Amino acid sequence: MTTPSPPASPPTFLLDGQPVPFTPGQTVMQAAYAAGRYIAHLCWHPDFSAHGSCKLCTVQANGRLATGCTLAAAEGMEVHTQTPELQDKRRTLLQLLFVEGNHFCPSCEKSGNCQLQATAYEAGMLTPHFDHFFPARPVDASHPEVLLDFNRCILCELCVRASRDVDGKHVFALSGRGTQSHLIVNSPTGRLADTDFAASDRAADICPVGVILKKRVGFAVPIGQRRYDAQPASAVDVASPARDNA
Ligand code: SF4
Ligand code: FES
């Protein structure tokens, strides 16, 4: 009679010194997330494929820099997320995002519920440091239920992916090149009202910043009870995997 062999344990890598199991094919971000470990991110969402644009998830893996959302996990890999160099780069990336748009948090309805703002707080970003671009993109208030303020867009394409892949509608797209890249609405007029977009769409709840906002519910959550008032971005993210705005 043969003795049954014990179940094989999954391969692991080290995330800031702690082992994280993974399934071959998973990225470092996916495995970390499944294990309840946080790596800063803005354009990654557990329900969608990696986008790789924000670079907030940059880690040091076996001595080299790579984006955790696109890096395949490998047995024994040593991944660091909190070195002084990475923290510094993360703050710089956040500063760049803040000056590219008009992120005037004191007047933004998303303040306190904004992943960009919460990530910047947690990273210790204190000033914008760079000159502001001050984009002047008209607000689209044409839709009866939803308002768009394009000046806060960080080009993560989560709305593009949600509308295309979940809602099957292709309401949003990016247009332009380089610093002129910007979000557009796919309708002959460019207005949201002239699409089949609905407030119940997945795309309506996925924006990590204050671009896609529902009308008539603004500022309804008292200060102190907003998503990031009591807990930092990392704790909220690990506690509520689908951190959409619904
Ligand atoms: S509108 Fe929001 S979800 Fe869409 S690309 Fe801009 S920041 Fe991302
Ligand atoms: S989360 Fe990896 S690049 Fe944005």
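Everything in this summary refers to the structure shown in the same document.

Criteria and cut-off values
- Residues numbered from 1 in each chain as written.
- Chains lettered and ligands numbered in written order.
- Predicted model: local features only at pLDDT ≥ 70, side-chain atom pairs only at ≥ 80, totals over all residues.
- Heavy atoms only, no water.
- Axes fitted to C-alpha atoms, helices over the stretch in contact; angles between N-to-C directions.
- Helix = DSSP H or I, 4+ residues; strand = E, 2+ residues; numbered from the N terminus.
- Left-handed = near helix turned anticlockwise from the far one by under 90°.
- Contact = heavy atoms within 4.5 Å.
- Nonpolar A, V, L, I, M, F, W, Y, C, P; charged D, E, K, R; others polar.
- Pairing = 2+ DSSP bridges.
- Salt bridge = Lys/Arg side-chain N within 4 Å of Asp/Glu carboxyl O.
- Buried < 20%, exposed > 50% of the residue type's maximum accessible area, 1.4 Å probe, protein only.
- Near = heavy atom within 4 Å.
- 1 Å grid on protein atoms, 1.4 Å probe; cavity = no way out; pocket = protein on both sides within 12 Å on 5 of 7 lines; lining within 4 Å.
- Points joined across faces, edges and corners; volume = space filled by probe spheres on them.
- Phe/Tyr/Trp six-rings, centres within 6.5 Å; stacked < 30°, edge-to-face > 60°.
- Expected span 1.5 Å × (residues − 1).

**What about the packing of helix 2 (residues 84–100) against helix 3 (residues 115–123)?**
For step 1, the next point in the chain: Packing of helix 2 against helix 3 brings their axes to within 10 Å, and their N-to-C directions diverge by 145°. The handedness of the crossing between helix 2 and helix 3 is left-handed. Contacts between helix 2 and helix 3 involve Arg91, Leu94, Leu97 and Phe98 from the first element and Leu116, Gln117, Thr119, Ala120 and Ala123 from the second.
For step 2, the next point in the chain: Residue composition of the contact of helix 2 with helix 3, grouped by class: 6 nonpolar, 2 polar and 1 charged.

**What about the sheet that holds strand 4 (residues 64–67)?**
Either a parallel or an antiparallel arrangement is found when strands of a sheet pair, and the pairing is made through backbone hydrogen bonds.
For step 1, the next point in the chain: If you trace the 5 strands from one edge of the open sheet to the other, you get 2-1-5-3-4, paired in mixed fashion. Two strands in the sheet have a free side with no partner beyond their single neighbour: strand 2 (18–21) and strand 4. Taken over all neighbouring pairs, the strand axes of this sheet differ in orientation by 35° on average, direction set aside.
For step 2, the next point in the chain: Two elements, strand 1 (residues 12–15) and strand 5 (residues 78–80), share 2 bridges in a ladder whose sense is parallel. Looking across to strand 5, one finds that Leu15 is bridged to Val79.

**Thoughts on the pattern of salt bridges**
For step 1, the next point in the chain: Tallying each qualifying case throughout the model produces 9 salt bridges.
For step 2, the next point in the chain: Note that Asp88 and Arg91 form a salt bridge whose closest N and O atoms lie 4.0 Å from each other. With Asp88 and Arg91 both in helix 2 and 3 residues apart, the pair spans about one turn of that helix.
For step 3, the next point in the chain: With relative accessibility at 44%, the residue Asp88 sits in the partly exposed group.
For step 4, the next point in the chain: For Arg191, the salt bridge identified is with Asp194, shortest N-O distance 3.2 Å.

**Points about the site of ligand 1**
For step 1, the next point in the chain: Around ligand 1, a shell composed of Cys153, Ile154, Leu155, Cys156, Glu157, Cys159, Leu183, Cys207, Pro208, Val209 and Val211 is seen.
For step 2, the next point in the chain: Along the lines of polarity and charge, the residues of the shell around ligand 1 split into 10 nonpolar, no polar and 1 charged.

**With respect to the pairing of strand 7 (residues 172–175)**
When a strand is regular, its side chains alternate between the sheet's two faces.
For step 1, the next point in the chain: Of the strand pairs in this sheet, strand 7 and strand 8 (residues 182–185) are connected by 4 bridges, and their pairing is antiparallel. The residue bridging Ser175 from the neighbouring strand is His182, located in strand 8.

**Remarks on helix 4 (residues 158–166)**
For step 1, the next point in the chain: Residues of helix 4 that are buried include every one of Leu158, Cys159, Val160, Arg161, Ala162 and Ser163, and no others.
For step 2, the next point in the chain: Residues of helix 4 that are buried in the fold lie against strand 7, strand 8 and strand 9 (212–214).
For step 3, the next point in the chain: Of the residues trailing helix 4, Gly168 is marked for its positive phi of about 65°.

**Brief notes about the pairing of strand 1**
For step 1, the next point in the chain: Here strand 1 shows a buried face lined by Phe13 and Leu15 and an unburied face lined by Thr12 and Leu14.
For step 2, the next point in the chain: By the bridge criterion, 4 bridges tie strand 1 to strand 2 in an arrangement that is antiparallel. Opposite Leu15, over in strand 2, you have Gln18 as the bridge partner.
For step 3, the next point in the chain: Count of turn residues in the strand 1/strand 2 antiparallel hairpin: 2 residues, of which Asp16 carries a positive phi of about 50°.

**Some words on the layout of surface pockets**
For step 1, the next point in the chain: If you add up the space inside the largest pocket, you get close to 500 Å³.
For step 2, the next point in the chain: As for the largest pocket, its lining consists of 20 residues, of which Glu100, Leu155, Gly178, Thr179 and Ser181 are closest to the centre.
For step 3, the next point in the chain: For the lining of the largest pocket, the per-class residue count stands at 10 nonpolar, 7 polar and 3 charged.

**With respect to the packing of aromatic side chains**
For step 1, the next point in the chain: If you walk through the whole model with that rule in mind, you get 3 aromatic pairs.
For step 2, the next point in the chain: Centre to centre, the rings of Phe172 and Phe197 are 5.6 Å apart; their planes meet at 75°, and the pair counts as edge-to-face. One end of the pair, Phe172, is in strand 7; the other, Phe197, is in the loop between strand 8 and strand 9, with 25 residues separating them in the sequence.
For step 3, the next point in the chain: Residue classification places Phe197 among the buried positions, given a relative accessible area of 5%.

**Overview of helix 2**
For step 1, the next point in the chain: Compared with an ideal rise of 1.5 Å per residue, which puts 17 residues at 24 Å, helix 2 spans 25 Å between its outermost C-alpha atoms and is within 8% of the ideal.
For step 2, the next point in the chain: Those residues of helix 2 that sit buried are Leu86, Arg90, Leu94, Gln95, Leu97, Phe98 and Val99.
For step 3, the next point in the chain: On its buried side, helix 2 packs onto strand 3 (58–61), strand 4, strand 5 and helix 3.

**Observations regarding unusual backbone geometry**
Excluding glycine, most residues fall at negative phi; most peptide bonds, likewise, are trans.
For step 1, the next point in the chain: Of note, His170 is a non-glycine position whose phi angle comes to about 55°, a positive value.
For step 2, the next point in the chain: Residue His170 is classed as partly exposed on the basis of its relative accessible area, which comes to 46%.
For step 3, the next point in the chain: The phi dihedral of Phe219 is positive, around 55°, even though this residue is not glycine.

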